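Understanding the architecture of this molecule
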Amino acid sequence: MESSIIRTSINDTDVQFKDRSISAEQLRQIKKALRTLHTLELMAVNIYKFQISRQKNEHNRLLIAAMCNEMTHLQDFQVKLYEYGFRPSPIRFGYWIVGLCFGFFSRILGRKMVFKTGIWVESKAVEHYSRLLESVDWDEPTRKIIEKDARDESGHIEKWKQMLESEQKR
């Protein structure tokens, strides 16, 4: 299997407060979008976290790597929220619970359902990323992070499709 970067490096100089001369309407859109991305990534982290079993196998290794990757996305958006002077959504705990449910119940239903859940959730993430990239006027550094994270999600879809195909051949 090919190796890919899961956690990108970040320096303290990479963290910068955003220009407050942005219009109120643009700030409202950015806040809403960043909160959406942050809460969805929180849900994704929990889906993977609760899909991981105690077995030491390739399936769980990939789930751990995917969880770690989603954790970096969560951090990306949390940092961006604070750079803009915002806070994460106060209702994010609900997404934490939804992630727990999707992850736990898909694991109970078996590996095929784990892969199908991953494909479905990551496909929804890609749709959100695409829509938010088009509809919000992002600063360039934030846009690059969103584009990178969207590519990661597409990579997860392909990985889970491959794993599902292998599982169905068994």
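First, a word on what this report is: a plain description of the structure on this page.

**Examining the pattern of salt bridges**
In the structure shown here, the tally under the stated rule is 10 salt bridges. Residue Arg28 is joined to Glu25 by a salt bridge in which the shortest nitrogen-to-oxygen separation is 2.7 Å. Pair noted here: Arg28 and Glu25 are both in helix 1 (residues 24–51), with a separation of three residues, about one helical turn. Here Glu127 and Lys124 are joined by a salt bridge, their closest N and O atoms 3.9 Å apart.

**Focus on the layout of surface pockets**
By volume, the second largest pocket amounts to about 320 Å³. Lining the second largest pocket are 14 residues, and of these Thr8, Ser9, Ile10, Asp76 and Ile145 lie nearest its centre. Breaking the lining of the second largest pocket down by element, the ones donating at least two residues are helix 2 (58–83) and helix 5 (140–169). No other element matches helix 2, which puts six residues into the lining of the second largest pocket. Of the residues in the lining of the second largest pocket, the class split is four nonpolar, four polar and six charged.

**Focus: the packing of helix 3 (residues 92–109) against helix 4 (residues 111–135)**
Where helix 3 meets helix 4, the closest approach of the two axes is 7 Å, and the angle between their N-to-C directions is 145°. Here Phe102, Ser106, Arg107 and Leu109 of helix 3 lie close against helix 4, whose contacting residues are Met113, Val114, Thr117 and Trp120. Its residues assigned to classes, the contact of helix 3 with helix 4 shows five nonpolar, two polar and one charged.

**Considerations on the environment of Ala33**
With respect to the helices and strands, Ala33 occurs in helix 1. Residues Ala33 and Glu147, spaced 114 residues apart in sequence, show a C-alpha to C-alpha distance of 14 Å.

**A closer look at helix 2**
The first and last C-alpha atoms of helix 2 sit 38 Å apart over 26 residues, in line with the 38 Å expected at 1.5 Å per residue. Just past helix 2, the residue Gly85 takes up positive phi, approximately 90°.

**Let's talk about the environment of Tyr129**
Position of Tyr129 among the secondary structure elements: in helix 4. Expressed as a C-alpha distance, the spacing of Tyr129 and Ser53, which sit 76 residues apart in the sequence, is 29 Å. Setting aside chain neighbours within four positions, we find Tyr129 in contact with Leu37, Glu41, His73, Phe77, Ile146, Asp149, Ala150 and Glu153.

**Regarding the packing of helix 2 against helix 5**
Contact geometry for helix 2 and helix 5: axes closest at 11 Å, N-to-C directions at 160°. The orientation of helix 2 with respect to helix 5, classified from their angle, is roughly antiparallel. As for how helix 2 packs across helix 5, the hand of that crossing is left-handed. The segment helix 2 lies against helix 5, with Leu62, Leu63, Ala66, Asn69, Glu70, His73, Asp76, Phe77 and Lys80 engaging Pro141, Thr142, Ile145, Ile146, Lys148, Asp149, Asp152, Glu153, His156, Lys159, Trp160 and Met163. Its residues assigned to classes, the contact of helix 2 with helix 5 comprises nine nonpolar, four polar and eight charged.

Conventions used here
Residue indices follow the written sequence of each chain, beginning from 1 at its first position. Reporting of local features is limited, given that this is a predicted model, to residues whose pLDDT is at least 70; pairs of side-chain atoms are given and counted only at 80 or more, and all residues count toward the totals for whole chains, interfaces and linings. Calculation of side-chain values draws on the structure's entire complement of heavy atoms; hydrogens and water are dropped beforehand. By definition here, a salt bridge exists when the distance from a side-chain nitrogen of Lys or Arg to a carboxyl oxygen of Asp or Glu is within 4 Å. By definition, any uninterrupted DSSP run of H or I lasting at least four residues is a helix, any uninterrupted run of E lasting at least two residues is a strand, and each is numbered from the N terminus. Buriedness of a pocket was judged along seven lines, with at least five required to meet protein on both sides within 12 Å; pockets are open sets of points on a 1 Å grid over the protein atoms alone, cavities are sets where a 1.4 Å probe fits but cannot get out, and lining residues have an atom within 4 Å of a point. Grid points are joined across faces, edges and corners, and a volume is the space filled by probe spheres set on the points. Asp, Glu, Lys and Arg are counted as charged, while Ala, Val, Leu, Ile, Met, Phe, Trp, Tyr, Cys and Pro are counted as nonpolar; the rest, among them Gly, fall into the polar class. Only the contacting stretch of a helix is used when fitting its axis, a line to C-alpha atoms as for every element, and angles between N-to-C directions run 0 to 180 degrees. Any two residues whose heavy atoms approach within 4.5 Å at even a single point are treated as in contact. Helix span is expected to be 1.5 Å times the residue number reduced by one. An angle below 35 degrees is treated as roughly parallel, one above 145 as roughly antiparallel, one from 65 to 115 as roughly perpendicular, and anything else as oblique. Rotating anticlockwise by less than a right angle from the far helix to the near helix defines a left-handed crossing, while the corresponding clockwise rotation defines a right-handed one.

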